[in-house]
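# A look at the structure
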Amino acid sequence: MSPIVRPAKGLGVGFHGRVLPLDCTTHTCLLHRPGYNSMYSIEITSDIDSWLAQPDVWNSLSRGVPFRETSWLAAWWKHLGHDLTGYLVIARDSNGRVCGLLPLYRDGGTTRGRTLRSLGDGNACTDDVSVLALDEHAIPVAEAIGRFLASQSTHAEHGWDLIDLDGILEGDMASGALARGLRLGGATLHSHSRMNTWLKSTDGSWESQLTKMSKSNRRALVQSIKKFDSTEHVDFVPTTDADVSLNLCRLIELHQARWIAAGEPGTYAEPEFRHFIEDAVESFRQRGLLFFPTLTFHDQMIAGELHFVGTNRISYCYSTGYNIVHADLEPGRMLNAQVLKSAHDQGFHGVELLRGDETYKQRLGATPRKLLRVRVVAPSFVPRLCHAAWKTQFELKQWMRRRAGRKLIDVVNMEVAT
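Residues numbered from 1 in each chain as written. Predicted model: local features only at pLDDT ≥ 70, side-chain atom pairs only at ≥ 80, totals over all residues. Heavy atoms only, no water.

## A look at unusual backbone geometry
Phi at His 233 takes a positive value of approximately 70 degrees, unusual for a residue other than glycine. Checked against the element boundaries, His 233 lands in the loop between helix 7 (215–230) and strand 9 (234–238). Positive phi, close to 65 degrees, is recorded for Asp 299, a residue that is not glycine. In this fold, Asp 299 is placed in the loop between strand 11 (293–297) and strand 12 (300–309). (Helix = DSSP H or I, 4+ residues; strand = E, 2+ residues; numbered from the N terminus.)

## Comments concerning the nonpolar core
With 71 residues, the main nonpolar core has Trp 72, Leu 101, Ile 277, Leu 295, Leu 306, Phe 308 and Tyr 318 as its most contacted residues. One finds Ile 42, Ile 44, Val 141 and Ala 144 within the second-largest nonpolar core, a separate group that totals 37 residues. (Core = buried A, V, L, I, M, F, W, Y, C linked by side-chain atoms within 4.5 Å. Buried < 20%, exposed > 50% of the residue type's maximum accessible area, 1.4 Å probe, protein only.)

## Quick look at helix 8 (residues 244–261)
Counted at 1.5 Å a residue, the expected span for helix 8 with its 18 residues is 26 Å, and the 26 Å between its end C-alpha atoms agrees. Inspection of helix 8 places Val 244, Asn 247, Leu 248, Leu 251, Ile 252, Leu 254, His 255 and Gln 256 among the buried residues, and these make up the whole buried set. Tucked inside the fold, the buried residues of helix 8 contact helix 9 (271–286), strand 10 (290–291), strand 11, strand 12 and strand 13 (314–322). Positive backbone phi, at 85 degrees, marks Gly 263, one or two positions downstream of helix 8. (Expected span 1.5 Å × (residues − 1). Contact = heavy atoms within 4.5 Å.)

## With respect to a nonpolar patch on the surface
Taken together, the side chains of Phe 381, Val 382 and Leu 385 make up a nonpolar region of the molecular surface, amounting to roughly 350 Å² of accessible area. A relative accessible area of 64% means that Phe 381 is categorised as exposed. (Patch = residues over 30% accessible without salt bridge, like charges linked within 9 Å, V, L, I, M, F, W, Y side chains within 5 Å. Areas by Shrake-Rupley, 256 points an atom, 1.4 Å probe, with all protein chains shown as cover. Salt bridge = Lys/Arg side-chain N within 4 Å of Asp/Glu carboxyl O.)

## Description of the pattern of salt bridges
Per the counting criterion, the structure on display carries 22 salt bridges. With a shortest N-O distance of 2.9 Å, Asp 128 and Arg 68 are connected by a salt bridge. Of this pair, Asp 128 sits in the loop between strand 6 (115–118) and helix 4 (135–151) while Arg 68 sits in the loop between helix 2 (55–59) and helix 3 (70–80), and the two are 60 residues apart along the sequence. Like Asp 128, the residue Arg 68 is buried in the burial classification. The shortest N-O distance in the salt bridge between Glu 253 and Arg 250 comes to 3.2 Å. With Glu 253 and Arg 250 both in helix 8, this residue pair falls three residues apart, about one helical turn. By relative accessible area, which is 28% here, Arg 250 ends up partly exposed. One salt-bridge network, held together by shared partners, links Arg 63, Arg 68, Asp 128, Asp 135 and Asp 172.

Listed below in structure tokens is the structure:
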């Protein structure tokens, strides 16, 4: 049964008793299904800044993933979202407590603001995008938000034609529930995957982890460790607070040098992007959630990895760099091995190597998970017509890939796992 959506009378009351801005629409969404009966108040506001300024409320719903938290998203919004219009969906329970957030923004472009996208998308490559909610509320809250969003597609102020979400992990229960709610509200969905993220579990002892790897990969990892132990003047340094700013500059230099040598501009080519990363790194450092291991040769950094540590005790490796001048030392492989050992020593539950299907991730014994991009089409004529044209182009590209013997783009049903 579809949700009953009723406009609320008067102004909504925000978190901590704050009156919501005048541009905030508040509705009550009653969601009924067999064995489940709950009520959520759903609100939309463009005032993302005020909510990002309340990290205790926001971060409590992140389920431990750093890329859903204010340390990451507030820095992105400040430096890369300054010309964008926020579109934050807020869910409250029957007692008025915030129990869910879906942070989006309007993409003007050629769509006149009728496309909604997730905060942190684009060049930032934000992975593990989802509805923000506690585990015990995530599925019903996400489904209620989905149904509500579908009902708002023709709204004069909050309407939309397309929702484009990039960076969702296959099997994420909250995202699957959001998809189901949108579909039940009449929206059309298409989700596909071009690449994976890679999670290296650190459960058990270091020795037991080695036994789970293939013989050739285990041998290569052990050889990297032996090479580190036998090479003079090479040191592994878990970065101290005093080194962070200097090492970040050096990591960016190494990262850029490698990509420029390959004829590419590199991730950090734009100053705004560098400022975004600098602010995010400083925020995670202040919270004690930064892991920045480096490899030095004669006290000079020749490789580094930038990790953000989730409160779920998973270390997320966002960026790497190594000195191509010292390629004979294989500093990348050497640092990989030391980082995995250090992750065990620190009691991390895993190391997330994030998006991209580079061979070293498989070599380290990491497990792939499909990274999804999801198109949500509003339940009205013109958006569906545009989607039909888009889908025809998509199928044509698939046919051309098939003819050329290239791997097809995986089309995924998001709702299977929910």
